[in-house]
Amino acid sequence: MNDSSPAVTSTDLAHAIRFLSVDAVQKANSGHPGMPMGMADVATVLFTEFLKFDVADPRWPDRDRFVLSAGHGSMLLYSLMYLCGYEDMPIEQIKNFRQLGSNTAGHPEFGHVSAAETTTGPLGQGLANAVGMAMAEKLLSARYSADIVDHYTYVIAGDGCLMEGISHEAVSLAGHLKLSKLIVLFDDNKITIDGPTDLSVSDDQIARFKASGWDAAAVDGHDPEAVSAAIAHAKSTDAPSLIACRTQIGFGAPNLAGTSKTHGAPLGEDEIAGMRDALGWTYAPFEVPEPILTAWRAVGMRGQAMRDAWNNSLSALPSEARASFQSAMTGSLPKGWQSTITEIKKKAVSEAPKMATRKASEDVLGELVKSIPNMIGGSADLTGSNNTKVQDTQPITADDFSGRYVYWGVREHGMAAAMNGIALHGGFIPYGGTFLVFTDYCRPSIRLSGLMGQRVIYVMTHDSIGLGEDGPTHQPVEHLASLRSIPNVLVMRPADLTETAECWALAVSQQNRPTVLALTRQGLPAVRLVETEDNLCAQGGYVLSEGHTTRQATVLATGSEVSLALDAQAQLKEAGISAAVVSMPCCELFDEQDEAYRTQVLGSAPRVAVEAASTFGWERYVGSNGVTIGMTTFGASAPASKLYEHFGITANAVVDAVKNCL
């Protein structure tokens, strides 16, 4: 650009976003151009003036986090990545938007592109993830100082994000915890897919956020100076901030701007041609003129000096603190942590305690959190029932983030999504509890844990009709089968203290997938009575007790039904029938074993499975001639022992089933 060339303006930079977005959607014949067109001005101000990032090191720990909660507008993120010079976003990726094998998925996916801090698309999830990220920032800063951890979390959210119920949980929690480094830029375009927002909603979002303890203001989203002033103000407050940016969806489209027709479909060649004329953009599709691209590339390099200064601060830390921080951010576990599990297993075998597995989990946690200091726990208002709080986990409060325990309140969905955000941010291993039946409230976030491959641990207690008198509203039936159907999620249902310890060891070791621990309310006898150095639960299923002679039958069970299976085995032995008992704490891990091992465990004799849950899925293990004893209806309100008799989940039922198979 020579000296006589006009200076590149913020509007010029924003137009580059707009036209890359509409051209990519048009070429793909699929996508959502309206939001990137409308929010281009806001995004330009954020990236050029405020966002702390460095394209040379996209995962720099102290970068600001940018979350596109309105994930349908993914071309906004991809355009910014290309313009700023991210190595993993060449123009070819923009041209291959939404195509098989490209990085530019229809909605941003964590791990596909380096600037996607989380996978968004299910509306509201990104906002709730961002709450977890802001929590993680504050938690890390309390441990390592603001010299090492001092960054903001910015969110672009749309009307849909704020309508979703999860947003209410997330917004309430963020206000309560005074997450002042969380700034939400609300794309207030007053349009949804169905049409104007006044068809379905009339909330005063400013008043709503203020009522939850947020700083909130409204600006013209197409006035860069106003947007800049609003963000600067938001950074000065002691509360999380909402900036409602009044925008026009599809800004620049001569006939469709301001309508829902720009939301989720290509504009069409004629409309794009008219848009080029209206905005004075004379360049071909996917072409960004050199002066504008150069200006954007300078934005991408702006953070290098800040990253260099941060690296110097990190190097100045005492070696032990520096190693601790780096270990936490990479997700590695401290040396020697496994000895905690070994000692618990020794004690479990020597004492053979009868206890609920939720209490066993508490005992394991009590020791494990001492060995793994970056574990952060919590419960959705069921702390005393989930047994998730132990002595070394002090509460986290708005004024003190040195603690390790979150009182999430009655916000199961918000808890699950925020735990995803904590895990995505890095630095901590989050675990949180509620009743297993309320995984219904958590399920969208559990699914995203699996999709993103995040180490999040869901402590789900009261796992069957064994919870008793609370009745069918609280008794999970279909939940285990439903959770097992989610890819890349481990569902573990331990039978006693030893198995619980092993399952916890497996859960914290999973770098790339979440775990659901299904735990009992009722007390269970110890079933592992011989000490083993190996983690038997790591195989998913194993022969707990072989038959007294050549195997004639195999009984498979999980959790509370393992002891029942052992009782049935004893009765069968008295009848002269040799049955083996297989404990199956984790079907997913069992499925990962080689065929020879699975065949060895399952055997060739007739099989009977027993689990106080839906029978769905057990046909994979018992075969066409096998029998599964479980639940085929909802539960009922009664003492647990009465319920097991009523629904026929008993040792006698197992014995009868084995005999019938023979």
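Residues numbered from 1 in each chain as written. Predicted model: local features only at pLDDT ≥ 70, side-chain atom pairs only at ≥ 80, totals over all residues. Heavy atoms only, no water.

**Q** Go over the overall build of the protein chain, please, and point to the residues and values.
**A** Tallying secondary structure elements over the protein chain gives 26 helices and 18 strands in all. The C-alpha atoms of the protein chain give 28 Å as radius of gyration, which agrees with the globular expectation for 662 residues (26 Å, within 12%). Based on the C-alpha atoms only, the size of the protein chain along its principal axes is roughly 100 × 55 × 45 Å. Counting every position in the protein chain, which comprises 662 residues, the buried fraction comes to 60%. The long-range share in the protein chain, meaning contacts at least 24 apart out of those at least 6 apart in sequence, stands at 79%. (Helix = DSSP H or I, 4+ residues; strand = E, 2+ residues; numbered from the N terminus. Rg over C-alpha atoms; globule rule 2.2 N^0.38 Å. Buried < 20%, exposed > 50% of the residue type's maximum accessible area, 1.4 Å probe, protein only. Contact = heavy atoms within 4.5 Å.)

**Q** I'd like a rundown of the layout of surface pockets, residues and numbers included.
**A** Of the pockets and cavities examined, the largest pocket occupies roughly 420 Å³. Lining the largest pocket are 23 residues, with Met329, Ala423, Leu424, Gly426 and Gln454 sitting closest to its centre. Within the residue set of the lining of the largest pocket, elements represented by two or more residues are α13 (319-330) and α17 (412-425). (1 Å grid on protein atoms, 1.4 Å probe; cavity = no way out; pocket = protein on both sides within 12 Å on 5 of 7 lines; lining within 4 Å. Points joined across faces, edges and corners; volume = space filled by probe spheres on them.)

**Q** Any chance you could break down the environment of Trp310 for me, citing the residues and the numbers?
**A** Relative to the assigned elements, Trp310 resides in helix α12 (residues 304-316). C-alpha separation for the pair Trp310 and Pro61, spaced 249 residues apart in sequence, amounts to 9.5 Å. Setting aside anything within four residues of it in sequence, one finds Trp310 in contact with Trp60, Pro61, Asp62, Asp147, Ile148 and Phe325.

**Q** Hey, could you go over the packing of helix α14 (residues 338-351) against helix α15 (residues 357-371) for me, with residue numbers and the actual values?
**A** It is at 9 Å that the axes of α14 and α15 come closest, and there the two elements cross at 155 degrees. Judged by the inter-axis angle, α14 sits roughly antiparallel to α15. Note that α14 runs across α15; the crossing there is right-handed. Residue-level contacts link Thr340, Ile341 and Ile344 of α14 to Asp363, Val364, Glu367, Leu368 and Ser371 of α15. Per-class residue counts for the contact of α14 with α15 are 4 nonpolar, 2 polar and 2 charged. (Axes fitted to C-alpha atoms, helices over the stretch in contact; angles between N-to-C directions. Parallel < 35°, antiparallel > 145°, perpendicular 65-115°, else oblique. Left-handed = near helix turned anticlockwise from the far one by under 90°. Nonpolar A, V, L, I, M, F, W, Y, C, P; charged D, E, K, R; others polar.)

**Q** Could you give an account of the side chain of Thr500, naming the residues involved and the relevant values?
**A** Among the structural elements, Thr500 can be located in helix α20 (residues 497-509). If near-sequence neighbours (up to four positions away) are discounted, Thr500 is found in contact with Thr357, Ala360, Ser361, Val364 and Pro494.

**Q** Tell me about empty space enclosed by the protein, residues and numbers included.
**A** Throughout the structure, instances matching the rule amount to 3 cavities of 30 Å³ or more. Lining the largest cavity, in full, are Phe47, Leu51, Phe53, Pro58, Arg63, Asp64, Phe66, Leu77, Tyr86, Ser114, Ala115 and Glu117. Here the second largest cavity is characterised by a volume of approximately 50 Å³. Along the walls of the second largest cavity sit Phe66, Val67, Leu68, Leu77, Pro108, Ala115, Ala116, Glu117, Thr118 and Thr120, which together make up its complete lining. Broken down by element, the lining of the second largest cavity gets its largest block of residues, 3 residues, from strand β1 (residues 65-68). Residue composition of the lining of the second largest cavity, grouped by class: 7 nonpolar, 2 polar and 1 charged.

**Q** Lay out the packing of aromatic side chains with the relevant residues and their values.
**A** A complete count under the given rule lists 18 aromatic pairs for this structure. Each ring, one from Phe47 and one from Phe53, has its centre 5.4 Å from the other, and the planes form 65 degrees; the classification is edge-to-face. For the pair Phe53 and Tyr86, a centre-to-centre distance of 6.2 Å together with 5 degrees between the ring planes defines the contact as stacked. With Phe53 in the loop between α2 (34-50) and β1 and Tyr86 in the loop between α3 (74-84) and α4 (91-95), this pair connects stretches of sequence that are 33 residues apart. Tyr86 shares its class with Phe53; the two are buried. Here the aromatic residues Phe47, Phe53, Phe66 and Tyr86 are joined through ring pairs into a cluster of three or more. We note Lys235 situated over the ring of Tyr152; from NZ or CZ to the ring centre the distance is 4.8 Å. (Phe/Tyr/Trp six-rings, centres within 6.5 Å; stacked < 30°, edge-to-face > 60°. Lys NZ or Arg CZ within 6 Å of the ring centre and 35° of its normal.)

**Q** Lay out the sheet that holds strand β11 (residues 457-461) with the relevant residues and their values.
**A** Pairing is parallel in the open sheet, where 6 strands are placed in the order β9-β8-β10-β11-β13-β12. Two strands in the sheet have a free side with no partner beyond their single neighbour: β9 (405-407) and β12 (490-492). Sheet twist, expressed as the average angle between the axes of neighbouring strands with direction ignored, equals 20 degrees. Taken together, the 4 bridges between β11 and strand β13 (residues 515-518) define a ladder with parallel strand orientation. What sits directly across from Met460, in β13, is Ala518. Running over the sheet, α15 touches β8 (375-379), β10 (429-435) and β11 and is turned about 150 degrees from β8. (Pairing = 2+ DSSP bridges.)

**Q** Could you give me a rundown of the environment of Ser10, with the residues and numbers involved?
**A** Topologically, Ser10 is positioned in helix α1 (residues 10-28). Residues Ser10 and Asp220 lie 210 residues apart in sequence; the distance between their C-alpha atoms is 15 Å. Non-local contacts of Ser10, meaning those with residues more than four positions away in its chain, are made with Thr44, Val45 and Pro224.

**Q** How would you explain the pairing of β10 if you had to name every residue and give the values?
**A** Most of β10 is tucked away, with 7 of its 7 residues classed as buried. Here 3 bridges tie β8 to β10, and the two strands are oriented parallel to one another. Residue pairing for β10: Ser379 is matched across the bridge by Gly433. Taken together, the 5 bridges between β10 and β11 define a ladder with parallel strand orientation. Note on β11: the bridge partner recorded for Tyr431 is Ile457. The handedness of the β10 to β11 crossover, carried by helix α18 (residues 439-452), is right-handed. (Right-handed = clockwise from strand over helix to strand, strands pointing away.)

**Q** So what's going on with the side chain of Ser445? Which residues, and what values?
**A** Mapped onto the elements of the fold, Ser445 is located in helix α18. Looking at Ser445, the relative accessible area reads 0%, which means it is buried. A distance of 3.1 Å separates a polar atom in the side chain of Ser445 from a polar atom in the side chain of Gln125. Here His413 takes part through its side chain, which lies 3.5 Å from a polar atom of the side chain of Ser445. Filtering out sequence-adjacent residues up to four positions away, Ser445 remains in contact with Gln125, Ile166, His413, Ala416, Ala417, Asn420 and Tyr458. (Polar contact = N/O pair within 3.5 Å; in protein donor to acceptor, adjacent residues only side chain to side chain.)

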